[in-house]
Amino acid sequence: MCDDKPPCRQITTLHTYSTEYNADSVEWCPHEPHQTVFVCANYQLNSETGKRIGCILLFSATADALILHQKIETAAILDQKWCHNKINNSSILGVVNAQQTLEIYALKSDNVKLEFVTSFQLDDDGSETLFLSLDWSTGKFASDEPEIVVSDSKGAIHRFKLRNSELIKAESWHGHEFEAWISAFYYWDPNIVFSGDDCRFLKFDKRVGLEPLSCNKSHEAGVTSMHSNAQKEYILATGSYDANARLWDIRHLKNCVSSVQMPGPLWRLKWDPHDRKYLLAACMLGGVHIIDSQNANLEIIDSYYQHKNIAYGVDWSHLPVNNSTNETLIGSCSFYDNLLCVSKVKFDK
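Read on for a plain summary of the structure. As a convention, each chain's residues are numbered from 1 in the sequence order in which they are written. Where local features are concerned, this predicted model is filtered to residues with pLDDT of at least 70; where side-chain atom pairs are given and counted, the filter is 80 or more; whole-chain, interface and lining totals use all residues. The basis for every side-chain value is the complete set of heavy atoms in the structure, and neither hydrogens nor water enter the calculation.

**What about the pattern of salt bridges?**
- One speaks of a salt bridge when a side-chain nitrogen belonging to Lys or Arg is within 4 Å of a carboxyl oxygen belonging to Asp or Glu. Under the criterion given, the structure shown has 19 salt bridges.
- Taking the shortest distance from any N to any O, the salt bridge between Lys-71 and Glu-20 comes out at 2.4 Å. Here Lys-71 is found in strand β6 (residues 66-75), whereas its partner Glu-20 is found in the loop between β1 (11-18) and β2 (23-28), with 51 residues between them in sequence.
- Residue Lys-71 is classed as partly exposed on the basis of its relative accessible area of 37%.
- Think of it in three bands: residues with accessible area under 20% of the maximum for their type are buried, residues over 50% are exposed, and the middle band is partly exposed, with areas taken using a 1.4 Å probe on protein chains only. Given the relative accessible area of 52%, Glu-20 is considered exposed.
- Note that Glu-171 is salt-bridged to Arg-159, the shortest N-O span being 4.0 Å. Residue Glu-171 is located in strand β14 (residues 166-174), and its partner Arg-159 is located in strand β13 (residues 156-163); the two are separated by 12 residues in the primary sequence.
- Residue class for Glu-171 comes out partly exposed when judged on its relative accessible area of 22%.
- Residues participating in the shared-partner salt-bridge network are Glu-147, Arg-159, Glu-171 and Lys-206. Only runs of H or I of at least four residues qualify as helices and only runs of E of at least two qualify as strands under DSSP, and these elements are numbered from the N terminus.

As structure tokens, this is what we get:
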């Protein structure tokens, strides 16, 4: 252990890639036969023009090789996520960017390429608004007409429906006075949405209107990450600039179930896609970490410090865990050093 940080134990770098722009998001495709496929999104401020530009990099990765299949030039990307189920037999990717636009892409099986499907851009009111996060409603229950929740830099929350390859805006409301860093569905009941801003996170239920049902002020800084547990009902994980990961029972939001101090401010928290027992955390300047939630208290069980300058993006591979070696893959990326890493994680048996 160095600098009193949790030690690296069983995470091994397999591949690195230098991205042209600042890297801020990694998302693995959840569907067979493309569970080796993932996307890395980028965000770059052009110092000469002042424009925010970006791109989507489409890769496939195994233990032996990392292959770049496609690069799509876009506006700067803040977040991207795959729909949990296929639609019309295609894996669907949602992307939000700095031009207050939600874009939808479909992964083509024959040549491993993303194909643009549709987009929705909010009316420009003359002020600069960035879409900051998105989540799909399909984490627990599949749908051919899924909803997407999006948060923006002016504190608004937006709900969209994807129907017949068209995005329909269902509703928008002003939920926060500051940046709404994150928004997320409660997967067990997608009527319920959570969102987070500076020190607060809110719970909404569209069946009773646009006012929050509850407002939690436990966080001591911006609430930047939320992820509903699709295997354990009522469980929600949140991350914050205050460097704490917290676990909640959404029926009792006054106090968290458990929390753990992380080595740095959190930007992303992801439940593992197999048993939903482990959380993968991107902690900006504090590295990447795996948190065990099986016991009463959250506990960091492994750490990764390859990223030297703001680890923003992390995700688990959806490939089955190797039964003989108890290994799986993760992807991670960092911003100012333009670094993408694919790593092997070995769990204790």
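**As for the layout of surface pockets**
- Put plainly, a pocket is an open set of points on a 1 Å grid over the protein atoms alone with protein on both sides within 12 Å along at least five of seven lines, a cavity is a set where a 1.4 Å probe fits but cannot get out, and a lining residue has an atom within 4 Å of a point. Grid points are joined across faces, edges and corners, and a volume is the space filled by probe spheres set on the points. Taken as a whole, the largest pocket spans an internal volume of roughly 440 Å³.
- Residue lining of the largest pocket: 27 residues in total, with His-84, Tyr-187, His-227, Lys-270 and His-318 positioned closest to the centre.
- Elements that contribute at least two residues to the lining of the largest pocket include exactly β2, β7 (77-82), β15 (182-185), β19 (223-228), β23 (268-271) and β27 (311-316).
- Asp, Glu, Lys and Arg are counted as charged, while Ala, Val, Leu, Ile, Met, Phe, Trp, Tyr, Cys and Pro are counted as nonpolar; the rest, among them Gly, fall into the polar class. In terms of residue class, the lining of the largest pocket is built from 12 nonpolar, 7 polar and 8 charged.

**Describing the nonpolar core**
- Nonpolar core, defined: a set of buried Ala, Val, Leu, Ile, Met, Phe, Trp, Tyr and Cys residues in which side-chain atoms within 4.5 Å join the residues together. Counting 16 residues, the largest nonpolar core has Ile-92, Leu-102, Trp-136, Ile-148 and Val-150 as the members making the most contacts within it.
- Of all the secondary structure elements, the ones that give two or more residues to this core are β8 (91-97), β9 (101-108), β11 (131-136), β12 (147-152) and β13.

**Re empty space enclosed by the protein**
- Considering all chains together, one arrives at 1 cavity of 30 Å³ or more under this definition.
- Estimates place the volume of the largest cavity at around 40 Å³.
- Looking at the largest cavity, the residues that line it are Asp-24, Ser-25, Val-26, Glu-27, Leu-78, Asp-79, Trp-267, Arg-268, Lys-270, Tyr-312, Gly-313 and Val-314.
- Where the lining of the largest cavity is concerned, the elements lending two or more residues are β2, β7, β23 and β27.
- Residue composition of the lining of the largest cavity, grouped by class: 5 nonpolar, 2 polar and 5 charged.

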